[in-house]
Amino acid sequence: MSALAATHVTVRRDGRAIVDDVSVELAGGGFVALVGANGAGKSTLLSVLAGLIKPDTGGVTLDGAPLGGIDRRELAKRRAYLPQNPRAEWPIAVERVVALGLTPHLPAFGGLPGGLEPRLTQALEGCDLASQRLQAATTLSGGELARAMLARALIGDPQILIVDEPTAGLDPRHALDTMSRLQALAARGKLVIAALHDLTLAARYSTHLMALRQGRLAALGPTTETLTPDFVRRVFDVEARITGAGRDALVDYRGPVSG
Amino acid sequence: MKAAPGYLLPSLALLALVLTAIGSLFLGRVNMSLPALLHGLADPSSLAGLVVTELRLPRAILAIMVGSSLGLSGAVLQGLLRNPLAEPGLLGVSNGAALGAVISIYFGLAHAFGLATPLLGLVGAMGAGALTFAFGRTSTLTLILAGAAVSSLMSAFLAMALNFAPSPYAAYEMSVWMLGSLSERSWDHVLLAAPFIGAGMAILATMGRAVDALALGDVQAQSLGIHIDRTRVLALLGVGLAVGAATSVTGSVSFIGLVAPHLVRPFVGHQPSRTLLPSALLGATLLLLADIGTRVIHTNTELRLGVLTSLLGAPFFFWLVVRLRRLAP
């Protein structure tokens, strides 16, 4: 199982710390929901954890090795990353989009080696895309596109999956569908880190909650213990009532914190 | 549309190219019968032999080199920038080459030494490419903006050279050169341009994986192990070498680089990497056809290559607009 550790990570933009001295250790088997208000630094932190942005100070290690020292293709095989609202720019067939997830596994020239063809079929079927296989990715609905991108991320069988707002723009059924797929991955020993806005969904599916407030780590712990009205107040400046316990917790926002 | 098998389109494009190339050897201003030309090929010292080996063969080879450079560069740039309007002149190298060539005419160097025009064209293309690189290497957006800035700067200098031309004849010569032509080109031109075009195209040909991954956007491509900064620099270098050298020997030839990838794309399932080779082959075929056109359409003054490609390219542009309007919601 893989372990991702950040130590004293700070990212500055125009002198302002977007991510401020964050240290976390995350291990395989966990589904970590990263929450925080808009502009709290979630996306930036995810990019740093994915090795796409080099922090100004501090560093990230994957199984003890600094991310910067890992070959790009090697890193791409071990972790997958999906930005917010990922999409394809050309009307490429869904199967080709999903196959792009194998890019770090391919030689410099030529098509998909025959040996990888079953993996493609498996990835498509795993995300219920068998009937959309030859459809142009630009014509997919939001839910189908989200599944296609997830299949793209998972086809390389990465140990770590980092996803930025996987449920943004999805209707309840597709949001639940996406969350249960991420949960199943974590149950198989992968490390899943996802930025989320819906605390009720996070409570039901994630194993850990990680919260950012103005770039600083506000909380990190098992979801069932961490999610309290006090937590919501500290992270979002919102009064909330939480009914139900553990996985059935329902977060009801009452209003902004007064004073 | 289901994409055709991988080898089918490149094979068909290659076949079309070979047939067109053979055709271009037999068609021209000097009408020669087939037997005479075949005889000429066997005996290069005869008149027919000279026409074929010293005039038409280098001309056809140059057309293939230039056309394939333009087609491949267009395909790579459209993939890199994910923009269907990207074309090889975007990075400023074509105008740089034109400026270098025009300077050689301005100072009368072209008359003193035949290859001065393409040589200075190469210098101009490299200078323009270096300028684009210096200002635009940090991101894809800055690369386009820097290319546009360099392009307009070169155009400004071109206009200035025309404005202050030493004689009306020089001004005429400059403006005609810019219209592009393959006539009066020799093996020297082929040999001069070949190393640059070869190196540039070799660089561009390695970019298939990168342009494929870039269909998902810069960030996802980067997460898939693509070195975005290096990809951008390689694209500029490849286009600079290939298109810079191509423009230096023929003058400005528009639309080939824009059109070829569009014609190819629907047949390869729009996958960027699979447009590269067919675009190069189709670009070469289109340029050969246009060059044949300039020779068989009889006009008092030579119909210039760039004029013909523009005349044929503009309606294509309209077709593209109509098609996009139909596809877009």
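*Asks:* How should the overall build of chain A be read in this particular structure?
*Replies:* Of the regular secondary structure elements, chain A holds nine helices and twelve strands. Summarising its shape, the C-alpha atoms of chain A cover approximately 60 × 40 × 35 Å along the three principal directions. Taking all 259 residues of chain A together, 45% fall into the buried category. Contacts in chain A between residues at least 24 apart in sequence constitute 65% of all its contacts with a sequence separation of at least 6.

*Asks:* Sorry if this is basic, but what is going on with the overall build of chain B here?
*Replies:* For chain B, the helix and strand inventory stands at 15 helices and zero strands. Expected size for 329 residues packed as a compact globule is a radius of gyration near 20 Å; at 20 Å, chain B falls within 12% of this value. Seen through its principal axes, chain B has C-alpha atoms that stretch 60 × 50 × 35 Å. The buried share of chain B, taken over its 329 residues, is 51%.

*Asks:* So what exactly am I meant to see when it comes to the pairing of strand 1 (residues 3-13) of chain A here?
*Replies:* Look at any regular strand and the pattern is simple: side chains alternate between the two faces of the sheet. All names here are of chain A. Pairing of strand 1 with strand 2 (residues 16-27), which is carried by eight bridges, proceeds in the antiparallel orientation. When the sheet's bridge partners are listed, Arg 13 is paired in strand 2 with Arg 16. Hairpin connection, strand 1 to strand 2: the antiparallel pair is bridged by two residues, and Asp 14 has positive phi, about 50°.

*Asks:* What am I meant to see in the environment of Thr 117 of chain B here?
*Replies:* Residue and element names in this part refer to chain B. Along the chain, Thr 117 turns up in helix 6 (residues 116-136). Looking at Thr 117, the number of C-beta atoms within 10 Å reads 24, which means it is buried. For the pair Thr 117 and Gly 251, spaced 134 residues apart in the sequence, the C-alpha separation amounts to 9.9 Å. With near-sequence residues (within four places) excluded, Thr 117 lies in contact with Ala 101, Ser 104, Ile 105 and Ala 110.

*Asks:* When you look at the nonpolar core in this model, what are you seeing that I'm missing?
*Replies:* It is characteristic of soluble globular proteins that their nonpolar side chains tend to be buried jointly. By size, the foremost hydrophobic cluster in this structure holds 173 residues, and its most contacted members are Leu 34 of chain A together with Val 76 and Val 102 of chain B. Per element, the largest residue contribution to this core is 13 residues, and it comes from helix 3 (residues 47-81) of chain B.

*Asks:* Looking at this structure, how should I read the interface of chain A and chain B?
*Replies:* Accessible area lost when the parts come together is the quantity often used to give the size of an interface. Facing 24 residues of chain A, the contacting portion of chain B comprises 22 residues. Here the element with the most residues in the side of chain A that touches chain B is helix 2 (residues 72-78) of chain A; it accounts for four residues. When its residues are assigned to classes, the side of chain A that touches chain B shows 18 nonpolar, two polar and four charged.

*Asks:* Help me out: how do you make sense of helix 9 (residues 229-236) of chain A in this one?
*Replies:* Think of an α-helix as 3.6 residues a turn; residues three or four steps apart then line up on the same face. All names here are of chain A. Within the sequence span of helix 9, burial applies to Phe 231, Val 232, Val 235 and Phe 236. Here the buried residues of helix 9 occupy an arc of 95° about the axis, which is enough to place them on one side. Along its buried surface, helix 9 packs onto strand 3 (31-35), strand 9 (208-213), strand 10 (216-222), helix 8 (223-226), strand 11 (238-243) and strand 12 (250-256). Immediately downstream of helix 9, the backbone of Asp 237 shows phi near 60°, a positive value.

*Asks:* Looking at this structure, I do not really get the pairing of strand 10 of chain A. What am I missing?
*Replies:* All names here are of chain A. Pairing analysis gives six bridges linking strand 9 to strand 10, with the strands arranged antiparallel. Looking across to strand 10, one finds that Ala 211 is bridged to Ala 219. Count of turn residues in the strand 9/strand 10 antiparallel hairpin: two residues, of which Gln 214 carries a positive phi of about 45°.

*Asks:* Help me out: how do you make sense of the sheet that holds strand 1 of chain A in this one?
*Replies:* Within a sheet, adjacent strands bond to each other through the backbone by hydrogen bonds, running parallel or antiparallel. Residues and elements named next belong to chain A. In spatial order, the strands read 2-1-4-5; together these four strands make up an open sheet with antiparallel pairing. The two strands at the open ends of the sheet, each matched to only one other strand, are strand 2 and strand 5 (65-66). As judged from the five bridges shared by strand 1 and strand 4 (residues 57-62), these two strands associate in the antiparallel manner. Of the residues in strand 4, the one forming a bridge with Thr 10 is Thr 57.

*Asks:* Where do I start with the packing of helix 1 (residues 8-26) of chain B against helix 14 (residues 272-296) of chain B in this structure?
*Replies:* Two quantities define a packed helix pair, namely the angle between the axes and the distance from one axis to the other. Residue and element names in this part refer to chain B. Put simply, helix 1 and helix 14 touch, their axes get as near as 9 Å, and they point 20° apart. On the basis of the axis angle, helix 1 is roughly parallel to helix 14. Note that helix 1 runs across helix 14; the crossing there is left-handed. In this structure, helix 1 uses Leu 9, Pro 10, Ala 13, Leu 14, Ala 16, Leu 17, Thr 20, Ala 21, Gly 23 and Ser 24 to contact helix 14, whose residues at the interface are Leu 277, Pro 278, Leu 281, Leu 282, Ala 284, Thr 285, Leu 288, Leu 289, Asp 291 and Ile 292.

*Asks:* I tried to follow the sheet that holds strand 7 (residues 160-164) of chain A on my own but got confused; where do I start?
*Replies:* Residues and elements named next belong to chain A. Spatially, six strands are ordered 6-7-8-3-9-10 in an open sheet, and the strand pairing comes out mixed. Two strands in the sheet have a free side with no partner beyond their single neighbour: strand 6 (79-82) and strand 10. Averaged over all adjacent pairs, the angle separating strand axes in this sheet is 15°, with direction ignored. In this fold helix 9 packs onto strand 3, strand 9 and strand 10, with an angle of close to 155° to the strand it touches most, strand 10.

*Asks:* Before we go on, may I ask you to explain the packing of helix 4 (residues 93-106) of chain B against helix 12 (residues 228-250) of chain B in this structure?
*Replies:* All names here are of chain B. The geometry of helix 4 relative to helix 12 is characterised by a closest axis approach of 8 Å and an angle of 40° between their N-to-C directions. Relative to helix 12, helix 4 is oriented oblique. Crossing hand, helix 4 versus helix 12: right-handed. Within the contact between the two elements, helix 4 uses Val 93, Ser 94, Gly 96, Ala 97, Ala 98, Gly 100 and Ala 101 and helix 12 uses Val 239, Gly 240, Val 243, Gly 244, Thr 247 and Ser 248. Classifying every residue of the contact of helix 4 with helix 12 by side-chain character gives six nonpolar, seven polar and no charged.

*Asks:* Would you take a moment to explain the environment of Ser 248 of chain B for this structure?
*Replies:* Note on placement: Ser 248 of chain B falls in helix 12. The contact partners of Ser 248 of chain B, leaving out residues within four places of it in the chain, are Ala 97, Gly 100, Ala 101, Pro 118, Gly 121, Leu 122, Ala 125 and Ala 193 of chain B.

Parameters and conventions
Residues numbered from 1 in each chain as written. Chains lettered and ligands numbered in written order. Predicted model: local features only at pLDDT ≥ 70, side-chain atom pairs only at ≥ 80, totals over all residues. Helix = DSSP H or I, 4+ residues; strand = E, 2+ residues; numbered from the N terminus. Buried ≥ 20, exposed ≤ 12 C-beta atoms within 10 Å, placed from the backbone. Contact = placed C-beta atoms within 7 Å. Rg over C-alpha atoms; globule rule 2.2 N^0.38 Å. Pairing = 2+ DSSP bridges. Core = buried A, V, L, I, M, F, W, Y, C linked by C-beta atoms within 7 Å. Nonpolar A, V, L, I, M, F, W, Y, C, P; charged D, E, K, R; others polar. Arc of directions from axis to C-beta. Axes fitted to C-alpha atoms, helices over the stretch in contact; angles between N-to-C directions. Parallel < 35°, antiparallel > 145°, perpendicular 65-115°, else oblique. Left-handed = near helix turned anticlockwise from the far one by under 90°.

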